[in-house]
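# Observations on chain architecture
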Amino acid sequence: MVGDYRRDGFLVVPDFLSPGTCAAMIERAVQITEEQAPMGPRSVFSTAVQARRSDAWFLESGDQVRCFFEEEALAADGSLQVETGRAINKIGHALHDLDPVFAAVSYDPRMREVAAAVDMKDPLAVQSMAIFKQPGIGGEVGCHQDACFLYTEPLSVTGFWIALEDATLDNGCLWAQPGGHLDPLRRRFRRKVGGGTEFEMLDARPLPPPAELVALPVPAGTLVVLHGLLPHWSGANRSSRRRLAYALHCIEAAAEYPASNWLRRGPGLPLRRLADGPPAV
Ligand code: FE2
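Cut-offs applied
One numbering rule holds for all chains: residues counted from 1, following each sequence as written. Reporting in this predicted model follows two pLDDT cut-offs: at least 70 for local features of residues, and 80 or more for side-chain atom pairs to be given and counted; totals over whole chains, interfaces and linings ignore these cut-offs and use all residues. Only hydrogens and water are removed before side-chain values are computed, so all heavy atoms of the structure are retained for them. In this text, helices come from DSSP runs of H or I with a minimum length of four residues, and strands from runs of E with a minimum of two, each type numbered from the N-terminal end. In this setup the radius of gyration rests on C-alpha atoms only. A globule is expected at 2.2 Å times the number of residues raised to 0.38. In this scheme, a residue with accessible area under 20% of its type's maximum is buried, one over 50% is exposed, and one in between is partly exposed, where area comes from a 1.4 Å probe on protein chains only. The criterion used for residue contact is that any of the two residues' heavy atoms lie within 4.5 Å. Following DSSP output, two strands are said to pair if at least two bridges run between them. Only the stretch in contact is used when fitting a helix axis, every axis being a line fitted to C-alpha atoms; angles between N-to-C directions are given from 0 to 180 degrees. Here, the term nonpolar core denotes a set of buried Ala, Val, Leu, Ile, Met, Phe, Trp, Tyr and Cys residues that are joined through side-chain atoms within 4.5 Å.

### Notes on the overall build of the chain
- Each helix and strand in the chain was counted, giving seven helices and 14 strands.
- For the chain, whose C-alpha radius of gyration is 17 Å, the value lies close to the compact-globule estimate of 19 Å for 281 residues.
- Across its three principal directions, the C-alpha atoms of the chain cover 50 × 45 × 45 Å.
- A buried classification covers 53% of the 281 residues belonging to the chain.
- Nonlocal contacts in the chain, meaning residues at least 24 apart in sequence, comprise 83% of its contacts between residues at least 6 apart.

### Observations regarding the sheet that holds strand β5 (residues 141-144)
- Across the sheet, four strands lie side by side as β5-β12-β7-β10; this open sheet has antiparallel pairing. A single partner strand is all that each edge strand has here, and the edge strands are β5 and β10 (214-216). Ignoring strand direction, the axes of neighbouring strands in this sheet form an average angle of 25°.
- Relative to strand β12 (residues 232-234), β5 is paired through two bridges, and the arrangement is antiparallel. Residue pairing across strands places His 144 opposite His 232, the latter belonging to β12.

### So, the nonpolar core
- Ranked by internal contacts, the top residues of the largest apolar core, which has 43 residues, are Ile 91, Phe 160, Ile 162 and Leu 164.
- If one sorts the elements of this core by residue count, helix α2 (residues 19-36) sits on top with five residues.
- Leaving out residues up to four positions away in the same chain, Ile 91 has contacts with Ala 29, Ile 32, Thr 33, Val 65, Arg 66, Cys 67, Ser 128, Met 129, Ala 130 and Phe 132.
- Grouped together as the second largest cluster of nonpolar side chains are 17 residues, Phe 45, Phe 58, Leu 59 and Phe 68 included.

Next comes the structure, spelled out in structure tokens:
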């Protein structure tokens, strides 16, 4: 198993979560959007324009549970084009420490076992997202390496992406470049001195074209582990079926996490080790 991961940069673990656990996470994610989306600002998440669009709602969400809207859910004047439940792109970015349903899955001993199987020594849970990929309007997530957004020295970020609903070719499943993690980090998304964010170029070679990516359609309950340097992508969802996924990102406790990373936390919610088990929430 670890041999496949070292060769490909990803690992598919079928039946990681039971249908009942997936259903509970879906129910909770939808509940959060119903409770919170009407209260917050209509902050859009779009990977296409992330440097320009990063607002305070996004930049200060590292220790919060916040909703972000689909770009296509909002009209030019900011009014909603669809009902609120269908308008949310994702919830981020501390579900794993603040919500009991997501905490139980994130800190389950089996998650720690998979992390150990892909060579993580002492994983810290740094970020989590419930990604909706809404029917009809779920936006594309452009080809990227996760280490661009969660940079450590040495590089250590590892993604644990779980399909809570079937991810298919039609509704925006993951695509990845097998072996692409052996190439260097191309750029880094960081806080700019004086405010805002920017991409810092580290290596000029381009990310792979779509023809070099393979599709990873997986049924609900499947865990896909992604190396932090692996180029991956998911397309827009023009189908009538939602594709809700939960993503947890971990870094090595011993790695340096620069303050210039976009994602940061206040002193009230320090990062926790997977080995700590679920927090009392
Ligand atoms: Fe990613």
